[in-house]
Amino acid sequence: MQIIIFGSPGVGKGTQAKILASRLGIAHISTGDILREAIKRETELGKKAKEIVEKGELVPDEIMAGIIRDALKDTRCNNGFILDGFPRTIDQAKLLDTIFHDLKIGEPFLVKLDADDDVIVARLSNRLVCSKCGNIIQKNEYKNDFVCPVCNSSDSYYKRKDDDEEVIKRRLKVYHDTTSQVFSYYTNRLRVIEIDGTRSIEVVTEGILSQIKKS
Ligand code: AMP
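Draft legend 1. Structural context of the overall build of the protein chain. The helix and strand tally for the protein chain stands at 9 helices and 8 strands. Rg of the C-alpha trace for the protein chain: 17 Å, near the compact-globule value of 17 Å for 215 residues, within the 12% margin. Overall, the C-alpha framework of the protein chain stretches about 50 × 40 × 35 Å when taken along its three principal axes. Across the 215 residues that make up the protein chain, the buried fraction comes to 47%. Considering only intrachain contacts with a sequence separation of at least 6, the fraction spanning at least 24 residues in the protein chain is 69%. When the accessible surface of the protein chain is totalled, it reaches about 11,300 Å², and 48% of it is carbon and sulfur.

Written out as structure tokens, the structure reads:
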């Protein structure tokens, strides 16, 4: 099974993608995670992407093309995948059409999560991420000696540089000006599932899974 999970930054794509990947036995491909890992390791890709990612802008399509081709060719995608954070431009969507065609992938699902910008700004400015496993919590859940409930590591939670309020506003502008057009591009091409992303994590997951089953 192949799924593209779509929606604004902070709507819960990463959280849902991790759960769905594990429930469906498919790979989770997050282009944001790939870029952050490259930045951390200071690879060539990381050096090119660092400033762009930290400013909340889009990494150029030519760079993203190489990343996505490599990721989808990997054997861990053999059983299917959920794409989180890609495509973010119409050109990326067209490239993905070609890759899907080459890989003989017929009818992927597009899962779109919705939430208003004020909910997103509140969520992102208060979120902390586990540097070991990527689990997300809100600041008020964090206490001294906090141990990650998913991977049991301690002292691993940090605030992403692009979760600064000004950068969040830029990321939302990029989403509304550019990325949201990708949704119109896909309507009528893919099997679309739209879900209210303000509901609880469990309700969103079950909503997605039940709609996938029905299709
Ligand atoms: P995310 O973790 O999906 O919110 O992505 C974090 C940042 O990585 C984005 O704000 C962009 O700077 C960059 N990024 C991730 N995916 C893409 C993409 N498909 N195209 C361009 N830039 C991307």
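Draft legend 2. Broad picture of the pattern of salt bridges. For the structure shown, the criterion picks out 17 salt bridges. The shortest N-O distance in the salt bridge between Arg127 and Asp163 comes to 2.7 Å. Taken together, the positions of Arg127 in strand E5 (residues 127-130) and Asp163 in the loop between strand E7 (157-158) and helix H7 (165-179) put the pair 36 residues apart, joining distant regions of the chain. Taken individually, Arg127 and Asp163 each receive the classification buried, so the pair is uniform in this respect. In this structure, Asp162 and Arg171 form a salt bridge, with 3.8 Å as the shortest nitrogen-oxygen distance. Take Asp162 and Arg171: they sit in the same class, and that class is buried. A network of salt bridges, in which partner residues are shared, links Arg127, Arg160, Asp162, Asp163 and Arg171.

Draft legend 3. Helix H6 (residues 117-125), seen in detail. Listing the buried residues of H6 in full gives Ile120, Val121, Leu124 and Ser125. One side of H6 holds all its buried residues, which, seen down the axis, span an arc of 110°. Buried-residue contacts for H6 involve E5 and H7.

Draft legend 4. Broad picture of the site of the ligand. Around the ligand lies a shell of 16 residues, among which Thr31, Arg36, Glu57, Gly85 and Arg88 are the nearest. With respect to the ligand, the backbone of Val59 contributes an N or O atom lying 3.1 Å from a nitrogen atom. Take Gln92: an N or O atom from its side chain is 2.9 Å from a nitrogen atom of the ligand. Contact with the protein chains hides 96% of the accessible area of the ligand, taken as 480 Å² for the molecule alone. Here the shell around the ligand is composed, by residue class, of 6 nonpolar, 4 polar and 6 charged.

Draft legend 5. Quick peek at the sheet that holds strand E2 (residues 27-30). The parallel open sheet is built from 5 strands, whose spatial order is E2-E3-E1-E4-E8. The sheet is open, and its two edges are formed by E2 and strand E8 (191-196), each paired on a single side. Within this sheet the neighbouring strands show an average axis-to-axis angle of 20°, counted without direction. Taken together, the 4 bridges between E2 and strand E3 (residues 81-84) define a ladder with parallel strand orientation. By the bridge assignment, Ile29 is partnered in E3 with Leu83. Packed onto the sheet, helix H2 (residues 31-41) meets E2 and E3 and runs at close to 65° relative to E2.

Draft legend 6. View of the environment of Lys132. Along the chain, Lys132 turns up in the loop between E5 and strand E6 (136-138). Sequence spacing of Lys132 and Cys148 is 16 residues, and the spatial spacing of their C-alpha atoms is 9.0 Å. In this structure Lys132 touches Cys151, Ser153 and Ser156, once residues within four positions along its chain are discounted.

So, how was this worked out
- Residues numbered from 1 in each chain as written.
- Predicted model: local features only at pLDDT ≥ 70, side-chain atom pairs only at ≥ 80, totals over all residues.
- Heavy atoms only, no water.
- Helix = DSSP H or I, 4+ residues; strand = E, 2+ residues; numbered from the N terminus.
- Rg over C-alpha atoms; globule rule 2.2 N^0.38 Å.
- Buried < 20%, exposed > 50% of the residue type's maximum accessible area, 1.4 Å probe, protein only.
- Contact = heavy atoms within 4.5 Å.
- Areas by Shrake-Rupley, 256 points an atom, 1.4 Å probe, with all protein chains shown as cover.
- Salt bridge = Lys/Arg side-chain N within 4 Å of Asp/Glu carboxyl O.
- Arc of directions from axis to C-beta.
- Near = heavy atom within 4 Å.
- Polar contact = N/O pair within 3.5 Å; in protein donor to acceptor, adjacent residues only side chain to side chain.
- Nonpolar A, V, L, I, M, F, W, Y, C, P; charged D, E, K, R; others polar.
- Pairing = 2+ DSSP bridges.
- Axes fitted to C-alpha atoms, helices over the stretch in contact; angles between N-to-C directions.

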